[in-house]
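Results of the structural survey
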Amino acid sequence: MPGIFLSLTDEQEFVREAAAGTLLRQETLIAAREALDGGPRLSLWDVGVQAGWPGLISSEEFDGAGLGAYEAMLVLEACGARLADAGVLGHLPAVALLEQAGADEDLRRALATGEQRAALVDTSVELTIDAAGADVLVVVDDGGARLVTGSEATVTATPAYDATRSLATVSIVAGAGTALDLAAARVRDGLDLQRALLAADSVGAADAARQMATAYAIDRHAFGRAIGSYQAIKHKLVEMLRRTENARSLLVQAGRAWTEDRPAFALQANAARVVAADALDYCAPENIFVHGGVGATWEHDAQLYYRRAELARRLAGGAEAAAETVAEQLLARIAA
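The rules behind the values
Sequence order sets the numbering: in each chain, residues are counted from 1 along the sequence as written. For this predicted model, a pLDDT threshold of at least 70 governs which residues receive local features, and a threshold of 80 or more governs which side-chain atom pairs are given and counted, while totals over whole chains, interfaces and linings are taken from all residues. The side-chain figures draw on all heavy atoms in the structure; neither hydrogens nor water molecules are used. Strands here are runs of E lasting at least two residues and helices are runs of H or I lasting at least four, both read from the DSSP assignment and numbered beginning at the N terminus. As a reference, a globule follows 2.2 Å times the number of residues to the power 0.38, and the radius of gyration itself is taken over C-alpha atoms. Each residue is assigned to one of three classes by its accessible area relative to the maximum for its type, calculated with a 1.4 Å probe on protein chains only: buried under 20%, partly exposed between the two thresholds, exposed over 50%. By definition in these notes, contact holds between two residues if any of their heavy atoms fall within 4.5 Å. Centres within 6.5 Å are what make two rings of Phe, Tyr or Trp a pair, Trp counting through its six-membered ring; a difference in plane orientation under 30 degrees is then read as stacked, over 60 as edge-to-face, and the rest as tilted. Any Lys NZ or Arg CZ that is within 6 Å of a ring centre and within 35 degrees of that ring's normal is treated as a charge sitting over the ring. Only strands joined by at least two bridges in the DSSP assignment are considered to pair. Inter-axis angles, ranging from 0 to 180 degrees, are taken between N-to-C directions of lines fitted to C-alpha atoms, where helices are fitted over the stretch in contact.

Topic: the overall build of the protein
Scanning the protein from terminus to terminus reveals eleven helices and nine strands. What you see for the protein is a C-alpha radius of gyration of 20 Å, in line with the 20 Å of a compact globule of 336 residues. Considered along the principal axes of its C-alpha atoms, the protein spans approximately 70 × 50 × 35 Å. Taking all 336 residues of the protein together, 55% fall into the buried category.

Right, here's the structure in full:
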């Protein structure tokens, strides 16, 4: 569902509804459970290519959609709600840096159309999102960025507590890659964009957990009343809503900063990351609580959202690193 207190432009509403509709046709929750039982992880990259997601923020000149970070966040929010992996968490931040650096036109076109895949590699963190199977890597280290081909790196897929995620360790051949012409602040844009997209994914998952809990609280009766009529349950559901909407409002601010005030993007994106991680950390276990004993069983889908919460806050440096960035940005503003 859309944000309860936020309005979208017609174009944004179309992006949101199209993404939600596309994902509703995929058996993502069934696949998430099967992956935990040893089945293959469901990748929706091909589905996303058909929907145009790899080129969301690529320029129209190179066959992209020419949209902004917020539209990409809307797609990731839909992915989070369905626990879907479309391969764009690693792809879109890498593409953003290649776009800003004015990289090879043929490469940018191939990435925008989904003919090739990219992933952002932050050498300061252990695990990389969506690196497995990527054709090119944008490696960020020491304040700079370089373009590395798949043959110049060793990518080792790593099993995750949330089996819907594609994670890997990446080892780059010494001296490999071509430096991208980017200022340090613009290099940070890629890292911060990934955190904003992770925030959107967490908001989607948190809201799905809230809706699951609300529906059960309405249908489940105890002592002749719907359990949602009891004050203790009401308070939990309201708090789930409050935290989710707070995080969603920060996504809007981050989206605006990307388009209108890029120097403010680091603060807004990382603030959204912190609040969204906290929202999902609250909503996922409370969803289990509202469901009672059945919610804690292997057979119930509530545990899938709990797994998403536990892993989500640890990715891309973790929510703690995002909080440190928020503090740094605020202190810098005070000093200025």
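Text resumes after the structure shown.
Re the environment of alanine 196
Position of alanine 196 among the secondary structure elements: in helix H7 (residues 184-219). Note on alanine 196: relative accessible area 0%, which makes it buried. Each C-alpha atom, one on alanine 196 and one on glutamine 253, is 11 Å from the other, the two residues being 57 residues apart in sequence. Those residues in contact with alanine 196, other than ones at most four positions away along the chain, are Met73, Leu251, Phe265 and Ala269.

Regarding the packing of aromatic side chains
Enumeration according to the criterion identifies one aromatic pair in this entry. A cation over an aromatic ring shows up here: lysine 236 above the ring of phenylalanine 289, its NZ or CZ 4.4 Å from the ring centre.

A few points about the sheet that holds strand E4 (residues 144-149)
Read from one edge to the other, the open sheet built from four strands follows the order E1-E3-E4-E7, with strand pairing classed as mixed. The open sheet has two free edges, formed respectively by strand E1 (118-122) and strand E7 (178-179), since each of these has just one partner strand. Here strand E3 (residues 136-141) runs beside E4; their pairing, made up of six bridges, is antiparallel. Paired with aspartate 141 across the bridge in E4 is glycine 144. Contacts between H7 and the sheet are confined to E1, E3 and E4, with E1 contributing the most and set at about 105° to the helix.

Here's the deal with the sheet that holds strand E5 (residues 153-158)
Read across the open sheet, the three strands follow the order E2-E6-E5; overall the sheet is antiparallel. Taken across any chain shown, the strands that pair with only one partner, and hence form the sheet edges, are strand E2 (128-129) and E5. Here E5 pairs with strand E6 (residues 167-172) via six bridges, running antiparallel. For alanine 157, the partnering residue across the bridge sits in E6 and is alanine 168.

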